[in-house]
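Structural overview for review
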Amino acid sequence: MSSTNRESMVKPDFMSEQEFQWVKDATESLERIRGDARADAAAYQANPGGWSEGRNSRSGMPTLLLTTLGRKSGEKRTTPLLFLHEGWRVIVIGSLAGYDNHPFWYLNLQANPKCWIQLDDLVMEGVAREATDAERETHWPRVKALFPAYDYFQTTTDRKFGLVFITPTGPA
């Protein structure tokens, strides 16, 4: 199924009609998704307390800020992402709401795995790597538990979502 036609999306059983309409509205276009991400990043930076526990974020879910180096521009690019803890590492998911293209941050990490993560007030340098197939199989149930729509969005595209481990390497 091509993710470019959001009107043909079928409501998953785990969502109410109201929740599904919100998801469709929030993901109606890449411009909307990117605009909301910029607004959330600005809100996070203005008031960083509690986001990593899901407080202050609109979603109510644990959120970090990921900064990558633009693969073309070389400039820092920051985006908010839901995440899971894996010991001292974090796991982020490149879903882009099931659109057929990988998110820019994912492509940036493929070009240069050096990055920065911000958990509330704590900013750290890190290095990213793609999960192995075995790690993906192990961690996908946790991904679904964090945000069940990830599993639904994966069915809307042939693109395999990036599942990325970020290991902190020191303070920023």
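Residues numbered from 1 in each chain as written. Predicted model: local features only at pLDDT ≥ 70, side-chain atom pairs only at ≥ 80, totals over all residues. Heavy atoms only, no water.

Structural notes on the overall build of the protein
Broken down by element type, the protein carries five helices and six strands. When the helices and strands of the protein are read in sequence order from the N terminus, they spell out α-α-β-β-β-α-β-β-α-α-β. Dimensions of the protein, computed from C-alpha atoms along their principal axes, come out at roughly 45 × 35 × 35 Å. Out of the 172 residues belonging to the protein, those deemed buried represent 48%. Counting only contacts in the protein whose residues sit at least 6 apart along the sequence, the fraction spanning at least 24 positions is 64%. For the protein, the exposed area adds up to about 8900 Å²; of that, 53% sits on carbon and sulfur atoms. Taking the 20 positively charged and 22 negatively charged side chains of the protein as two groups, their mean positions are separated by 5 Å. (Helix = DSSP H or I, 4+ residues; strand = E, 2+ residues; numbered from the N terminus. Buried < 20%, exposed > 50% of the residue type's maximum accessible area, 1.4 Å probe, protein only. Contact = heavy atoms within 4.5 Å. Areas by Shrake-Rupley, 256 points an atom, 1.4 Å probe, with all protein chains shown as cover. Lys, Arg positive; Asp, Glu negative; His and termini not counted. Charge placed at Lys NZ, Arg CZ, Asp CG, Glu CD.)

A closer look at the pattern of salt bridges
Note that side chains of opposite charge can pair when their charged atoms are close. Summed over all chains, the structure comprises 10 salt bridges. Among the ionic pairs, aspartate 40 bridges to arginine 58, the shortest N-O distance being 2.9 Å. Of the two residues, aspartate 40 is situated in helix H2 (residues 30–46) and arginine 58 in the loop between H2 and strand E1 (63–69); the sequence distance between them amounts to 18 residues. Exposure remark for aspartate 40: the relative accessible area of 19% places this residue in the buried category. Judged by relative accessible area, arginine 58 falls into the exposed class, the value being 59%. (Salt bridge = Lys/Arg side-chain N within 4 Å of Asp/Glu carboxyl O.)

Some remarks on the environment of cysteine 115
Looking at where cysteine 115 falls in the secondary structure, it is placed in strand E4 (residues 114–119). The buried category is assigned to cysteine 115, whose relative accessible area is 0%. Counting along the chain gives 10 residues from cysteine 115 to tryptophan 105, while the straight-line C-alpha distance between them is 9.8 Å. The contact partners of cysteine 115, leaving out residues within four places of it in the chain, are Leu66, Thr67, Leu109, Met124, Glu125, Gly126, Val127, Ala128 and Ile166.

Comments concerning the nonpolar core
Judged by nonpolar contacts, the single largest core of 25 residues is most densely connected at Ile93, Val143, Tyr150 and Phe153. Here this core gets four residues from one element, more than from any other, and that element is helix H5 (residues 149–154). With 16 residues, the next largest nonpolar core counts Leu64, Leu119, Ala128 and Ile166 among its residues. (Core = buried A, V, L, I, M, F, W, Y, C linked by side-chain atoms within 4.5 Å.)

Remarks on the packing of aromatic side chains
One pass over the full model with this rule turns up six aromatic pairs. Between tyrosine 44 and tryptophan 51, the ring centres sit 4.8 Å apart and the planes meet at 35°, which makes this aromatic pair tilted. Across this residue pair, the class does not change: tyrosine 44 and tryptophan 51 are buried. Relative to phenylalanine 161, the ring of tryptophan 140 lies with its centre 6.5 Å away and its plane at 55°, an arrangement referred to as tilted. In this pair, tryptophan 140 is assigned in helix H4 (residues 133–146) and phenylalanine 161 in the loop between H5 and strand E6 (162–171), connecting sequence segments 21 residues apart. For phenylalanine 161, a relative accessible area of 1% gives the class buried. (Phe/Tyr/Trp six-rings, centres within 6.5 Å; stacked < 30°, edge-to-face > 60°.)

Looking at H2
The first and last C-alpha atoms of H2 sit 24 Å apart over 17 residues, in line with the 24 Å expected at 1.5 Å per residue. Of the positions making up H2, those classed as buried are Leu30, Ile33, Ala37, Asp40, Ala41 and Tyr44. On an axial view of H2, the arc spanned by its buried residues comes to 105°, and they lie on one face. The exposed residues of H2 that point more than 90 degrees off its buried face are Glu31, Arg38 and Ala46. Next to the buried residues of H2 lie helix H1 (17–26), E1, strand E2 (76–86) and E4. (Expected span 1.5 Å × (residues − 1). Arc of directions from axis to C-beta.)

Keep in mind these numbers describe shape, not what the thing actually does.
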